[in-house]
Amino acid sequence: MNRTEIRDAIESTVEPLSDIARNKVWHRIAAQLDAQQVEPAARPRRWQVPVAFAAGAALAAVCVVALVPLRAPERAPAPEVERVVLSAGAGQRAEHVIAGSEVTLYGPGRLEIEDAGATLDLALPEGVLLARASTPMLVRTPGTTTEMPPGVFAVRVHAHSTEIASGEERARALIDRRDDELDAGAPVTPQIVQHASPRAHESPTPVPSPPPRVRAPVRPRSKAPDAGTRERAASSGGEAADSEPAPTAAGEDAAGLAVSASELYAQAEHALARGDREAATRLLERVVEVDVTGRLAATASYDLARLAFDAGEHDTALRHVERVLSTDGEPNLARPANTLRCRILRATGQACPAR
Amino acid sequence: MRPHKAELRVVTAAPEDEPTAAIVERAARGDHKAFATLYRRHADMAFALLTRLVGPVSEREDLLQEVFVRLHRALPRYRGNASLSTFLYKITVRVAYDHLRARKRRPRPVDVVDHECVLSADGAGAPRAELADVLRFLDALTPEQRIAFVLREVLDYRYPEIAELVGCFETTARMRVTAANRALARLTRQGSPR
């Protein structure tokens, strides 16, 4: 099987859309669009607005007066809260998707998640949490409550202290009624803000960031199904638990924080996709700093070179491309990097010596 | 049958020679007739791209529907700096990607039943066994690799174009294609997957 055969085979499957199918699909599209379309409300007359408001208020008052005495002994029914409990032993991880957010717990640890509607409430007494939040999250760890905005972040609870790293946006940490704010755009790995628990120390003072650590390669993640589950314990061998290499001790750091370079790279791609070259450049430069394995750093350097070349910044582009060529992080990049180097040199009127 | 008749009339109502920009503008303002014209002009292209990306599966009509529903939602954001075809291609690639990703989560064997009609419709297509091999190979790739591979090797897109369509860096696109080609080479070395 070669590329030509593959191409021919794929092309042989392309069939024209029949008129019947085309109209059938259109009918369904039109029905869907009609269903989505909000009917414009009839414009009320001026006098109708206050009258309707007054009538509504009066009706509400009557209902309150009539129902409150009857309801008084009972508590108002609380909104149904979905609660999920994840637990993972040493060397395991548990994953869950809830309300469009992905959470991964690296053991040993336990994570309780409550979906209360607008916010997800997470209690992490122990373990490493890596989250890609699509809604705001309230993360409760021993001695610390942190409000995390949507985005990527990591939290590690270790010996009564909490380490939080925010991937893209500001996070507000409330420690014993003291507000603290994480840096905006702080990458996950090198600028971890550590909050000592009041239980462990008298005054919670941020300690200097630990140096970048060697990270494990990012593993492909499989999401655990969450439909209809009200409470679930994902213990060893459970549905949402994996028995992959243990992120314990030093590995724990790696597992919880390894995603940083690749996450930063993904953010850079998103930034580029929305046309924000400045942010993309900034994030790629962070990838180069953070990625100690060299592979993503080389890729990011090549991308930086391309961006700089496209912007006419030839010196910067050359610097980046030379960095790609001087390392052997990504062998696949050698050829395109050489080509790009020649293009840059030619653009600056120089000859391109063979390397 | 009345609603069907009405829909058919709408689909064929718009004039052929009206420029796309004007139709897009009307469709973005909520004119269903204009949107029907866009659908009629671009449905074949989107359907063909979907077939190449996800294979001749039975869900293609659902995916086509999803493409145009998303297009309808996205039209107010369309600024006209790229052609509508490119804009629609991006949406189609995204829909195909979502479908492939969902399919990966619920793996199933190569959809031979779905392919029956294509495979046995006439003798002009690729032989059945070969096509099954190709589909199996494509199913073994990640959705990202598969899309990049098809765009590059089947549709002859250049890497910057793939990056633009997929919304990634050129390097990423290049690596995905390289990975797919490596998988193909591995498969060739091992012999037929059958």
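Note that the coordinates shown come from a computational prediction; the quantities given were computed from them, not determined experimentally. (Residues numbered from 1 in each chain as written. Chains lettered and ligands numbered in written order. Predicted model: local features only at pLDDT ≥ 70, side-chain atom pairs only at ≥ 80, totals over all residues. Heavy atoms only, no water.)

### Some thoughts on the overall build of chain B
- On a plain count of helices and strands, chain B comes out with 10 helices and zero strands.
- Taken from the N to the C terminus, the helices and strands of chain B come in the order α-α-α-α-α-α-α-α-α-α.
- Counting over 194 residues, chain B shows a buried share of 51%.
- Considering only intrachain contacts with a sequence separation of at least 6, the fraction spanning at least 24 residues in chain B is 63%. (Helix = DSSP H or I, 4+ residues; strand = E, 2+ residues; numbered from the N terminus. Buried < 20%, exposed > 50% of the residue type's maximum accessible area, 1.4 Å probe, protein only. Contact = heavy atoms within 4.5 Å.)

### Regarding the confidence of the model for chain A
Residue and element names in this part refer to chain A.
- For chain A, mean pLDDT is 68; residues scoring 70 or higher make up 61% of the total.
- Mean pLDDT in chain A bottoms out at strand β12 (residues 233–234), which sits at 36, and peaks at helix α8 (residues 314–326), which reaches 88.
- When the criterion is pLDDT under 50, residues 72–79 qualifies, and its contacts beyond four places in sequence or with other chains add up to zero contacts. (pLDDT = per-residue confidence, 0-100.)

### Examining the nonpolar core
- One finds A:Ile29, B:Phe35, B:Leu64, B:Phe68, B:Leu71, B:Leu75 and B:Phe137 to be the most contacted residues of the largest nonpolar core, which totals 70 residues.
- Look past the residues within four positions of B:Leu64 in its chain and what remains in contact with it is A:Leu17, A:Val25, B:Tyr39, B:Ala43, B:Ala46, B:Phe47 and B:Leu50.
- The next biggest cluster of nonpolar side chains, apart from the first, holds 22 residues, and it includes A:Val84, A:Ala88, A:Leu124 and A:Met148. (Core = buried A, V, L, I, M, F, W, Y, C linked by side-chain atoms within 4.5 Å.)

### Examining the pairing of strand β2 (residues 93–98) of chain A
Residues and elements named next belong to chain A.
- Counting buried residues in β2 gives six out of six residues, a clear majority hidden from the surface.
- Note: β2 against strand β3 (residues 101–115), six bridges, orientation antiparallel. In the sheet register, Arg 93 faces β3, and the bridge partner there is Tyr 106.
- Here β2 folds back onto β3 in antiparallel fashion, the turn holding two residues, of which Ala 99 has a positive phi close to 50 degrees. (Pairing = 2+ DSSP bridges.)

### Things to note about the interface of chain B and chain A
- With 55 residues of chain B at the interface, the matching set in chain A holds 43 residues.
- Note on chain B versus chain A: buried area summed over both sides is about 4,600 Å², and carbon and sulfur give 62% of it.
- Inspection of the region where chain B meets chain A yields eight salt bridges.
- The salt bridge involving A:Arg28 is made with B:Asp62; its shortest N-O contact spans 2.5 Å.
- On the surface where chain B and chain A come into contact, there are 17 residue pairs in polar contact (both at pLDDT 80 or more).
- Sorting the residues of the side of chain B that touches chain A by element identifies α1 (2–11), α3 (32–54), α4 (60–74), α7 (128–140), α8 (143–154) and α10 (170–190) of chain B as the ones contributing at least two each. (Buried area = accessible area lost by both parts, 1.4 Å probe. Salt bridge = Lys/Arg side-chain N within 4 Å of Asp/Glu carboxyl O. Polar contact = N/O pair within 3.5 Å; in protein donor to acceptor, adjacent residues only side chain to side chain.)

### Things to note about α8(B)
Residues and elements named next belong to chain B.
- Its 12 residues place the ends of α8 15 Å apart at the C-alpha level, agreeing with the 16 Å of an ideal helix rising 1.5 Å per residue.
- α8 sits mainly inside the fold: 10 of its 12 residues count as buried.
- Taken residue by residue, α8 has Pro 143, Gln 145, Arg 146, Ile 147, Ala 148, Phe 149, Val 150, Leu 151, Glu 153 and Val 154 as its buried positions.
- Just past α8, the residue Asp 156 takes up positive phi, approximately 60 degrees. (Expected span 1.5 Å × (residues − 1).)

### Digging into unusual backbone geometry
- For the peptide bond that leads from A:Gly107 to A:Pro108, omega is 5 degrees, which places it in the cis range.
- Looking at where A:Pro108 falls in the secondary structure, it is placed in strand β3.
- Here B:Asp156, not a glycine, exhibits a phi torsion of approximately 60 degrees, which is positive.
- Of note, B:Asp156 is situated in the loop between α8 and α9 (159–166).

### Some remarks on the packing of aromatic side chains
- In total, this model carries eight aromatic pairs over all chains according to the counting rule given.
- A centroid spacing of 6.0 Å and a plane angle of 40 degrees characterise the contact between A:Trp26 and B:Phe35, whose relative ring orientation is tilted. Of this pair, A:Trp26 sits in helix α2 (residues 19–36) while B:Phe35 is found in helix α3, placing the two residues in two different chains. One exposure class covers both A:Trp26 and B:Phe35, and it is buried.
- Between the aromatic rings of B:Phe137 and B:Phe149, the centroid separation amounts to 5.6 Å while the plane-to-plane angle is 80 degrees, which identifies the pairing as edge-to-face. In this pair, B:Phe137 sits in helix α7 while B:Phe149 sits in helix α8, placing the two residues 12 residues apart along the sequence.
- Among the residues examined, B:Phe137 registers a relative accessible area of 4% and is labelled buried.
- Each member of the aromatic cluster is reached from another via a ring pair, and the members are A:Trp26, B:Phe35, B:Tyr39 and B:Phe68. (Phe/Tyr/Trp six-rings, centres within 6.5 Å; stacked < 30°, edge-to-face > 60°.)

### Points about α10(B)
- Along its 21 residues, α10(B) runs 30 Å from first to last C-alpha, staying within 8% of the 30 Å computed at 1.5 Å per residue.
- Among all positions of α10(B), only B:Glu170, B:Thr171, B:Thr172, B:Ala173, B:Arg176, B:Val177, B:Ala180, B:Asn181, B:Ala183, B:Leu184 and B:Leu187 are buried.

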